[in-house]
Amino acid sequence: TAQHNGVYECSVTFGDVGTLSGQVTQYVRDITAKTADYGVLNQAYVMSCTFHGDPMGATTWTKGDTTFETTADYTVTPGVYNTATMSRVDTLTLTNPAIDDNGDYTCTAAYTSDQVEQTATQTLRLFNGEITVAVTRTPSMDVVAKDTEVSFTCTYSAMTLDSDEGQISTAWTLNGEPLDDSITITNNPNEDTFTVTAGVETSGEFKCIVTYGVYGPVETPNVMLVRELVVTEGPLYHMDSDEVEFTCKAYGTVTDTTFVWSDGTDTFDSNSVAVTVGDIVHNSAESGFTQAVSAGKTYKCMFTYSDPELQKEATIDISVLNPVSVSLGGPDAVTLSEGDSAVFTCTFTSIDAAGGLADKLSVALFKVGTDNAIQEETVTDGAMTTKEFTLPNVNHQINGQYNCKATYLMTSNPDIEYGSKTSDNMEFYMRGKLEGSVDTMVGSEVQLVCTFYGDEITFTKWTLESSSDALVSDGTISFTTDPTFDVESRSLTSVLTVNSAVYGNNVYTCHGTYTSDSLESTANLGYIGLGVVLTPQTAGSTSVAAGAGITLTCSYPAMVDTTATITVNWFKGAAPLENTSEYSIVATPAEQRSQLEVTESTIEYNGVYVCQVTFGDVGSKREEVTQYVNSAVAGSTPTYSKPEISTTMSCTMHGDLSNPTTWVKSNTDGTETAITHDGTAYVVTAGISDNYMRTDTLEITSPTPEDTGVYSCSNQIADVAQRLHIAGMASYTATAIAEQNGQGIITCTTTPTDLIFLSSHVSWETEVEEPPVPVPAGTTEMEFSDLVEGRRTYTNTFTATATSNQPHVKLHCKWSMDPLFFENDNLIHFYTVGVQSKHIEDISGDYIESERSADAAPFSEKYSVAFKVYKGPGIATSSMTFTDLLGTTTPVTFETDDSDDVITDLSFSPELADHKSGKYEVTLTYTGFDTEYTGEMDVNIYQFCDFSTLPAVDNGSWMKVEGTVGDAIPYEDIVLMSCDDDTFVPSVKHIVCGARGAFELPEYAHCIPKSDLICSELPSIASGFPGYSRDEEGAVVATYRCVDGYYLSSSTQYTCNTGNQKWSIVTADNPLGTPPQCISSLQPSERRRTFTTTFSTTENYCPDTAAQDSVKAAMVTYLRSLGPGTCLELTYCTMPDFECTWADDVLTIQFQLVQDGVMSDTRMLDATEAAMNSGPVTLSLETGSDRRKKRATSLSADSVTSEDAAPSCPTGFASVGGYCIQCGPGFGYYSDACISCPIGTFSAKTSLQPCNQCAYGFTTRAGGATESGSCEEVSEVCTVPNARENTFLDPVPRSRTSYSESIDVICPEGYAVAANTATSFLCSETAISPVCYEMCDTSKMHSSNSAFMEEFNVKLTQTSVMLKRGEVGYYQCKDDHEMAKDMILYEYTCYNGGVLTTEMMPKCQRDPPNAALIVGLVLGAVILLLLMLMFYCMKKSKRVNGTRRDVDMSGAGRSADASTKL
């Protein structure tokens, strides 16, 4: 917000090195102004605008079309930019506002840095005068007496000059709260009135609040104080002599704070009365007074007001019961025994004697110090005075003080208590004792507390339960010898402390004697010592022999607390033991016992076993025992050794190792010889005991065959024997080979010299750190043969894989009779053999290109076929052959390399290298091995394309790429299309030289004039381009194409809509006309196509397998004859499947061609199919089983059909249109195709997944969205309505846009919207598109209405003008013609369909010749005639001299022909 304007600083401290800081000034642009305000007519008014942020230019104030400058009526005051607050306040002052100044005022200023404007508007409303609100009251005095009728009147004035803003509302409050609904307010024009009755609840501040529309509120207070005196008290009903607190409160103007209290008889001193003054609302004083009440008294408070002097008094009546009494009696506690009943009697004043105010009595027995009654009864009998309470099964625990409480009640009003009375306390103490047992852990201190209750008693002694002898304090126990009787609790206590508790149940007796009657009392107290006893199966022995069973018993005592849970856990060391197959745990809780059992022990069971018992929350105890499992095991030293080589035997003892180990040799004669340590021939060593195990050794430093025998070791608990043999051995080596990535068998054999049956092992090693040949890890036992001459042969074999990086590997076979004694190291050579690699040398590309002419000189390219071969143990024989496509085999000779290298080079340069496609094969054998090893390589020849054969290009030409020499264009090279100038566009960017020596020409290859493109050029795309051609009617159409290696996501042909001049790629789902994508593709590992051909024949050529093979061979021969670029001719196809059937005189052959080489050539299978369809499929077959009757037959196919299988694509790629692709951003994978993401979905990455759905309530404006940000709320998206007839819209109909977007109406040529109709409209749910109507051509009307216009002597005011529907044109008279008098100029109107309608009208009249001259002459003649007549008359009058003569003007006597026509 604007408050965040300022200079911000970041300071960084780098340890003790120092501190750096940086500053930045942050501007937050904003503008604040009043949205609405009010002024007064003819009184100056100031409006202001506050601009926040960076500095801005001058402020412009406007109201509607009026811009304000400083004048006599208006003052514009520019503010000064405040650098501290980063703001500026500008003002506009209206010096004498008039009614016309009502309205909206706008302040505008632009920021200096970027001229961005900020604007705010505020509204001014003028009142017709000062706003006044007044409140009057009748009577008008500030203080009124209670119950006075008071009238309030609120008068308000002023009204806004704008009636829409002049709505007035009023409201009243009393002390800040709305008036009570019971008060009726009368609303009159500019006045509110109401009447209230004065009282405490109506005392305080009244306010009249007036609101003028959005202006206000305006409020006026009026305070009215009401004088009143009120006395209050808590309960109104009391017992006699109860202390009661009274409160007296005086309302109104308080200047004298003297209160006077009386009880009707006595007056109390006012000085002793507490007074509080200062209630803001009621201006009141308050007095508190406490008095012991009596029956029949009336309590009164008096207060005198001094201004004017007025004395008021207030009286309160309370009900007081007559004096009552309550007492309690009970049994003799000493005579009671535990279990008896105790009866308490409560005596009280009856209801009738209490004064008649109550009709019900509640009587309750309480133990002093508790709040709840022990027993409670309700008495309704008015004469009853006693009530008994019986406590059953009493004991010393109820000892204490008791009382009785009587409460007087009124049945008619059960919530009112008149009061209560409580008796004096009564003591009750009976004899008793505290005894019992406790649980404690063995070894812990325990205290036994003996307590006697009741009357006074003295302590005598402590004894054991089974003895009368008094105990004395010693080192094991201690106790208090002279405890004191506690009078308050009526008890005596002695504590016996046992310093260390012992296992099991232990009971002590405490003795005491009562003073009053010398009776003795005893109490038994004890404890259970909680502990554990762990015993083995055999008492005193924890050793067993391996294989024997183990039983350990864990015992513990029962607890006093029978609800506590006792848990037993077993451990071996720190590891817990569970009831498993190894250990059996049998728990017997009833006998306080748990047993751990092992059926058959081993040395692993040696260890410390622990039994831990947890006694509820008291604690836990554990006991442990060490269990030994005794065993002896011979060591892993060799039992076979070579003479004179020191050998060591070992013996490992387990279990109880307390005894030393002795060694004994058993001789062949049955005698035994004790072996002792002499340090020379025999070295006996005792090991170190660890984890119940010790290994002792016997070393024979220089053994002889006589030392062969059985040696035993013993420690008196366990013993073991082992045999020692002294023997020699012999072995031999071997050599193995394997072809690269093949496998070879490696064998190691040895023969021992000893006649005794031996167990032998072998291990393998290589001479390099990272062996290319993996060898078996560790040691393996060797297989043995039968005895031959007293000996056995031992063999070990493994399979190794040859590698190219180490053609010669040296392996070591190490043999031993014991894993600890290696006797022999055998060296074995392992060779990699065969062909390592093959390639073509001396050519520039992947293919060998040819002009395909036998006499071409020089040839386009030559090459050498090179093989690298492994020498292995030595090449014995080698050969090389070349087989062409017709099956002709040619031997090839070459020389081998005699160097010491393990790899040698072989190469061959064939003649007519560019003429033959075929296969080269090398065959090798190696010295000492009969297996042949071969290597093959295919060589393929492709034909050049002839540049000179390309057809001519209209308005352009073909152009070779830079570096191309001559007209021979290599296979897969391109030729560009070039147009003459920028006024043309090419139909394709380039064409490719195909496999058959022919260019891949499109159906239409020309440069098209841009003037023919009614629609603008389509946008370019990555790795592709738009191409233009013409359809059958000559109209320009467009199609996108991709360069090699890319797949077009949509191959749609687009047409141009002449109405809106947009390509058909612009749709509702694609309103922006986003072009398709060229998707990068991978080469599949293979392509498959199945062909089906049918032949009409009456002979079955496929009766058996041999015949089918003949037909297959004929089909292969035919396919290879199809020429270059076809599948089998190039040897990059195989025919894995072939099927031949005959039925109904139709031979059906179905076979599959699989392209598995040169996968970049996507046209190979197409070229094969095109060649098959270009001419008859002819098979040359031989028929007849007898060779003399065989005849050649030729069959021609009736039909050829094919079907593609999906290419084999790598993982993560899908086969689409023969390409291995992934769908790019904006596309999803649906039904084995990449489809542009539908509306409401998006895809942000390359994948094979459907598009992601937008979140609920969100959608996209168009298809093909590439990010989630394209999803927007459905409520923000508007659908463009459908277009009307002959009408086009931009964006197109049913596409999506926002509600604030404008939609343009586009009319085709000769059409327009009606006159005075907008050519755009805002998108909405109810929007309807305007209509494009055919325009009226006035030139056509001129020609079609020429006869009419000639007849009426008119012409058009406008010619060759196009009129919109509803536009009007006018006729005018032709030259030299005029409109008749009082006639108007007639019009014609353009209607739908380009029709002009004309109103009927009078003809235009030809102008009279020299009309002005004729008029002048006529007028002149008339004037002259009149003058002559006048002179004539004058002369006649003179002649007659006044004689009268009648003149006959009737015309009588004249002929009718002489009459004048006017």
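What you see is a predicted model, and the numbers here were worked out from it, not measured in a lab. (Residues numbered from 1 in each chain as written. Predicted model: local features only at pLDDT ≥ 70, side-chain atom pairs only at ≥ 80, totals over all residues. Heavy atoms only, no water.)

(A) Molecular detail of the overall build of the chain. The helix and strand inventory of the chain stands at five helices and 121 strands. The buried share of the chain, taken over its 1462 residues, is 39%. Across the chain, the fraction of contacts at a sequence separation of at least 24, relative to all contacts at a separation of at least 6, is 61%. (Helix = DSSP H or I, 4+ residues; strand = E, 2+ residues; numbered from the N terminus. Buried < 20%, exposed > 50% of the residue type's maximum accessible area, 1.4 Å probe, protein only. Contact = heavy atoms within 4.5 Å.)

(B) Main features of the sheet that holds strand E51 (residues 584–588). Sheet architecture is open: four strands sit in the order E46-E48-E52-E51, paired in antiparallel fashion. For this open sheet the edge positions go to strand E46 (533–536) and E51, each flanked by a neighbour on one side alone. Strand-to-strand twist across the sheet, computed as the mean angle between neighbouring axes with direction ignored, equals 15°. Where strand E48 (residues 550–555) meets strand E52 (residues 593–598), six bridges bridge the pair, whose relative direction is antiparallel. (Pairing = 2+ DSSP bridges. Axes fitted to C-alpha atoms, helices over the stretch in contact; angles between N-to-C directions.)

(C) Main features of the sheet that holds strand E17 (residues 186–188). One open sheet accounts for four strands, arranged E12-E14-E18-E17; its pairing is antiparallel. Edge strands, defined here as strands with exactly one partner in the open sheet, are strand E12 (133–138) and E17. Going from strand to strand, the sheet's axes swing by 20° on average, the running direction of each strand aside. In this sheet, strand E14 (residues 149–156) lies alongside E12 in antiparallel orientation, the contact comprising six bridges. Within the sheet, the bridge partner assigned to Arg137 lies in E14 and is Phe152.

(D) Main features of the side chain of Lys665. Residue position: Lys665 is located in strand E57 (residues 662–666). Using a relative accessible area of 10% as the deciding quantity, one classes Lys665 as buried. Apart from the residues within four sequence positions on either side, Lys665 is in contact with Thr671, Glu672, Thr673, Ile675, Glu706, Asp707, Thr708, Val710 and Tyr711.

(E) Structural view of the packing of aromatic side chains. Applying the stated criterion to the full structure yields 18 aromatic pairs. Ring geometry for Tyr556 versus Phe615: centroids 6.4 Å apart, planes at 70°, classification edge-to-face. Here Phe615 lies in strand E53 (residues 607–615) and Tyr556 lies in the loop between E48 and strand E49 (566–572), a separation of 59 residues in the sequence. For Tyr556, a relative accessible area of 8% puts it in the buried group. Over the aromatic face of Tyr429 sits the side chain of Arg490, whose NZ or CZ is 5.2 Å from the ring centroid. Taking NZ or CZ as reference, Arg622 lies 5.7 Å from the ring centre of Phe571, over its face. (Phe/Tyr/Trp six-rings, centres within 6.5 Å; stacked < 30°, edge-to-face > 60°. Lys NZ or Arg CZ within 6 Å of the ring centre and 35° of its normal.)

(F) Inspection of the environment of Gln716 at higher detail. Inspection of the secondary structure puts Gln716 in the loop between strand E61 (709–714) and strand E62 (719–726). For Gln716, a relative accessible area of 73% gives the class exposed.

(G) Spotlight on the environment of Ser601. One can find Ser601 in the loop between E52 and E53. In the structure, Ser601 is positioned 54 residues away from Gly547 in sequence and 4.7 Å away in space, judged by C-alpha atoms. In terms of polar contacts, Ser601 uses its side chain to reach the backbone carbonyl oxygen of Ala545, at 3.4 Å. Polar contacts involving the side chain of Ser601 include one to the main-chain carbonyl oxygen of Ala548, which spans 2.7 Å. (Polar contact = N/O pair within 3.5 Å; in protein donor to acceptor, adjacent residues only side chain to side chain.)

(H) Representation of the state of the cysteines in the model. Under the counting rule described, the total for this entry stands at 18 disulfides. What pairs with Cys1042 in a disulfide is Cys1078, and their sulfur atoms sit 2.0 Å apart. Where Cys1042 bonds to Cys1078 through sulfur, the torsion about that S-S bond is close to -95°, and the disulfide is left-handed. Highlighted residues: Cys1042 in strand E88 (residues 1036–1042) and Cys1078 in strand E92 (residues 1078–1080), separated in sequence by 36 residues. (Disulfide = S-S within 2.5 Å.)

(I) Broad picture of the pattern of salt bridges. Tallied over the full model, the rule gives 18 salt bridges. With its nearest N and O atoms 3.0 Å apart, the salt bridge here joins Asp114 to Arg29. With Asp114 in the loop between strand E10 (103–110) and strand E11 (117–127) and Arg29 in the loop between strand E2 (18–26) and strand E3 (30–33), the pair connects residues that are 85 residues apart, well separated along the chain. In this structure Arg29 comes out as partly exposed when scored by relative accessible area, which is 30%. Taking the shortest distance from any N to any O, the salt bridge between Lys1062 and Asp1290 comes out at 3.8 Å. Placement of Lys1062 in strand E91 (residues 1062–1063) and of Asp1290 in strand E108 (residues 1288–1290) is noted, with a sequence separation of 228 residues between them. Residue classification places Lys1062 among the partly exposed residues on the basis of a relative accessible area of 23%. Connected through shared salt-bridge partners, Arg1089, Asp1166, Glu1169 and Asp1204 make up one network. (Salt bridge = Lys/Arg side-chain N within 4 Å of Asp/Glu carboxyl O.)

(J) Fine view of helix H1 (residues 1105–1120). Taking 1.5 Å per residue as the helical rise, H1 with its 16 residues ought to reach 22 Å, and the 22 Å between its terminal C-alpha atoms agrees with that figure. Those residues of H1 that sit buried are Ala1107, Val1111, Ala1114, Met1115, Tyr1118 and Leu1119. Down the axis of H1, the sector holding all buried residues measures 135°, keeping them to one side. When the buried face of H1 is taken as reference, the exposed residues oriented beyond 90 degrees from it are Thr1105, Ala1106 and Thr1117. Its side-chain oxygen placed 3.4 Å from the backbone nitrogen of Ala1106, Asp1104 serves as the N-cap of H1. (Expected span 1.5 Å × (residues − 1). Arc of directions from axis to C-beta.)

(K) Representation of the pairing of E49. Taken together, the seven bridges between E49 and E53 define a ladder with antiparallel strand orientation. Paired with Trp570 across the bridge in E53 is Cys611. In terms of strand pairing, E49 meets strand E50 (residues 575–577) through three bridges, oriented antiparallel. In the strand pairing of E50, Trp570 is matched with Leu577. Counting the residues that bridge the hairpin from E49 to E50 gives two residues, and of these Gly573 lies at a positive phi of roughly 65°.

(L) Just unusual backbone geometry, in detail. Here the residue pair Thr138 and Pro139 is connected by a cis peptide bond, since its omega of -5° sits within 30 degrees of zero. Structurally, the position occupied by Pro139 is in the loop between E12 and strand E13 (143–145). The omega torsion across Asp1290 and Pro1291 is 5°, close enough to zero to call that bond cis. The phi dihedral of Ser518 falls on the positive side, at around 60°, and the residue is not glycine. Relative to the helices and strands, Ser518 resides in the loop between strand E44 (504–514) and strand E45 (520–530). According to the relative accessible area criterion, Ser518 is exposed, its value standing at 56%.

(M) Up close: the side chain of Asn630. Mapped onto the fold, Asn630 is located in strand E54 (residues 619–634). Residue classification places Asn630 among the buried residues on the basis of a relative accessible area of 8%. Setting aside residues no more than four positions away along its own chain, Asn630 makes contact with Ser543, Val544, Ala545, Ala546, His654, Gly655, Asp656, Ile717 and Ala718.

(N) Local environment of the pairing of E57. Burial of E57 is one-sided: the residues Trp663 and Lys665 facing one way are buried, the residues Thr662, Val664 and Ser666 facing the other way are not. Two strands pair when backbone bridges link them, and E57 and E61 are joined in this way by five bridges, in the antiparallel orientation. Counted as the bridge partner of Trp663 is Cys713 from E61. Pairing of E57 with strand E58 (residues 672–675) involves four bridges; the strand directions are antiparallel. Looking at the pairing, Val664 lines up with Ala674 of E58.

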